[in-house]
Amino acid sequence: MVSNTAPATEAAPTSLWKHRDFLKLWVGYSTSQFGGQITVVAMPLVAIIVLGASEAEVGTLGAVGRLPFLLFLFAGFWADRFRKRPTMIAADIGRAVLLLAVIGLYAADMLTLFWLGAISFLSVVLFVFFEVANMSHLPFLVGREFIGDGNAKLQLSNSVARVAGNSVGSMLVTAFIAVQVLIVDVVTLVVSAISCALIRKPEPVPERGEDRPGVFSSIAEGMRWVLRDSLIRPSMIAAGFYMFFYTGIEVLLPIWIIKGLGLPAYWVGILLAVGGPGAILGSLLAVRSMKKIGIGPSFFWMTVIGNLSLFLIGLATGPTWLLVTMIGLAQFLLGITGPIAMVSSGTLRMGATPEHLQGRVMASQRTVALSLAPVGALLMGLLAEGIGLRTTLLICAAGAVIPIIVLALSPIPRTMGMPEPQEH
């Protein structure tokens, strides 16, 4: 429970572009996403090029970096029990310090795969707490009527960051050592923390009554809602299967491009950036798609197109132009469909969830969905070393068909408008 006696604020804006507090959140988030995408390019190349990691080691690092996803449940409890904005600020600052540690260890010639994995683990722990606090804070900050629009604008920032961040990251890695490029993300995290600190809307302080349920009882309440809701449950199951198989493709893609296909390292950033224009278009079309064909159908059909495009990565063969075209097309299709599917699924979840359960329901769904990500990264890394990269990538693409089946058998494709929370 939270207090309902929040101080009055300025008149409600008619557009999020006129919503000052949302704009502060948006600026900080956008800046952080830009730096984060540069790190997405730089960190795997630190392992592969600087530290000489093998396929199995890359898969293991990918698994270690995703283990903190299991903490989403506790992050959800934290978000519903404590104020969310201080959590976001502390997480930003902590992640900046950890990236500085990577740079410092490299400068001291002490950076190893162990330290890279340990720092990656801690950084993702902080990201988990930031993500849950940020997404459960959004409905409170903008109001129910702007949930879809707010999700779309944040997703647009993520999409633009993919274009700019991956392109700039690729150029910086070419010009400098990959470790040094991480300083850009440090700066953006500091900017994000400052932007969050400038938000003025008073956040209600959660009540501290003695009758409040404990950690595990609170977590169980959110999990029960997820498992009983006919819209959130299939979304969670589909996301779990997707993350298991897609994570295998995600962690193996850099090494597939460099070692499997024999392309220069700079193609990693370029091909990742190809999805950016599609992601920008998808983000711009997300709200329009939900209004035109419905929230649920937008989620379902974008999942169908995006997941099937993964076959292009494992099937890539032939001359350089054809390799680049096939992987680039897959990235573009993932880019355009991903934002629409994510905005639609997030809007369904937020609409179907009561205010006091936003943090725990979001965290419960993420935990169950993402808990398979480290398993997928580890197993697919080991599998690739045993049976080869191409075969493993095709297995991952085939596995990504399962979420399509799960969603097709649910009410989601027939859910047109914003759902209301139901009694369970």
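Below or above, wherever it landed, is the structure these notes cover. (Residues numbered from 1 in each chain as written. Predicted model: local features only at pLDDT ≥ 70, side-chain atom pairs only at ≥ 80, totals over all residues. Heavy atoms only, no water.)

Across its full length, the protein chain holds 18 helices and zero strands. Relative to its 424 residues, the protein chain shows a buried fraction of 55%. Put simply, of all contacts in the protein chain between residues at least 6 apart along the chain, 89% involve residues at least 24 apart. Roughly 17,400 Å² of accessible area belongs to the protein chain as shown, and the carbon and sulfur atoms make up 69% of that amount. (Helix = DSSP H or I, 4+ residues; strand = E, 2+ residues; numbered from the N terminus. Buried < 20%, exposed > 50% of the residue type's maximum accessible area, 1.4 Å probe, protein only. Contact = heavy atoms within 4.5 Å. Areas by Shrake-Rupley, 256 points an atom, 1.4 Å probe, with all protein chains shown as cover.)

Turning our eyes to something else, we now look at the pattern of salt bridges. What the rule picks out here adds up to three salt bridges. Close ionic contact of Arg95 with Asp92 constitutes a salt bridge, the shortest N to O distance being 3.6 Å. Taken together, the residues span about one helical turn, with Arg95 and Asp92 both in helix H4 (residues 84-107) at a distance of three residues. We classify Asp92 as buried; its relative accessible area is 0%. A salt bridge links Asp149 to Lys153; its shortest N-O distance comes to 2.7 Å. Residue Asp149 and its partner Lys153 are both found in helix H6 (residues 147-175); the two are separated by four residues, about one turn of the helix. Judged by its relative accessible area of 10%, Lys153 falls in the buried class. (Salt bridge = Lys/Arg side-chain N within 4 Å of Asp/Glu carboxyl O.)

Here we take up the packing of helix H1 (residues 20-50) against helix H5 (residues 113-142). At a minimum axis separation of 13 Å, H1 and H5 run at an interaxial angle of 160°. Accordingly, the angle class assigned to the pair H1 and H5 is roughly antiparallel. As H1 runs across H5, the sense of the crossing is left-handed. Of the residues in H5, those in contact with Asp21, Phe22, Leu25, Tyr29, Met43, Val46 and Ala47 of H1 are Leu113, Leu116, Asn134, Leu138, Leu141 and Val142. Taken together, the residues of the contact of H1 with H5 break down into eleven nonpolar, one polar and one charged. (Axes fitted to C-alpha atoms, helices over the stretch in contact; angles between N-to-C directions. Parallel < 35°, antiparallel > 145°, perpendicular 65-115°, else oblique. Left-handed = near helix turned anticlockwise from the far one by under 90°. Nonpolar A, V, L, I, M, F, W, Y, C, P; charged D, E, K, R; others polar.)

Once that is clear, we can look at the environment of Met326. Residue placement: Met326 occurs in helix H14 (residues 320-352). Expressed as a C-alpha distance, the spacing of Met326 and Gly314, which sit twelve residues apart in the sequence, is 9.3 Å. In this structure, Met326 is in contact with Leu312, Leu315, Ala316 and Thr317, ignoring residues within four places of it in sequence.

On to the packing of aromatic side chains, then. Inspection of every chain in the model, using the stated rule, returns four aromatic pairs. Aromatic pair Phe114 and Trp115: ring centres 5.4 Å apart, planes at 70°, arrangement edge-to-face. Considering the side-chain rings of Tyr242 and Tyr246, the 5.1 Å spacing of their centres and the 5° angle between planes classify their relative orientation as stacked. Of this pair, Tyr242 and Tyr246 both sit in helix H10 (residues 232-260), separated by four residues, roughly a single helical turn. (Phe/Tyr/Trp six-rings, centres within 6.5 Å; stacked < 30°, edge-to-face > 60°.)

It is worth spelling out the side chain of Thr87 at this point. Assignment of secondary structure puts Thr87 in helix H4. A residue is classified by how much of its surface remains accessible, and Thr87, at 12% relative accessible area, is buried. Excluding anything up to four places from it in sequence, Thr87 contacts Trp78, Phe129 and Ala133.

For the pair H10 and helix H11 (residues 266-293), the least separation of the axes is 9 Å and the interaxial angle reads 125°. Relative to H11, H10 is oriented oblique. The element H10 and its partner H11 pack so that their crossing is right-handed. Facing Leu253, Pro254, Ile257 and Ile258 of H10, the residues of H11 in contact are Trp267, Val268, Leu271 and Leu272. Considered class by class, the residues forming the contact of H10 with H11 number eight nonpolar, no polar and no charged.

A word on the nonpolar core. Formed by 59 residues in total, the largest nonpolar core has its most connected members in Leu252, Trp256, Ile257, Leu310, Ile313 and Ile327. No other element matches the eleven residues that H10 contributes to this core. Once residues within four sequence positions are removed from consideration, Ile313 is found in contact with Ile249, Leu253, Trp256, Ala330, Gln331 and Leu393. Judged by nonpolar contacts, the second largest core, of 30 residues, contains Phe22, Met135, Phe146 and Ile147. (Core = buried A, V, L, I, M, F, W, Y, C linked by side-chain atoms within 4.5 Å.)

Without other data, these values stay purely geometric and don't point to any function.
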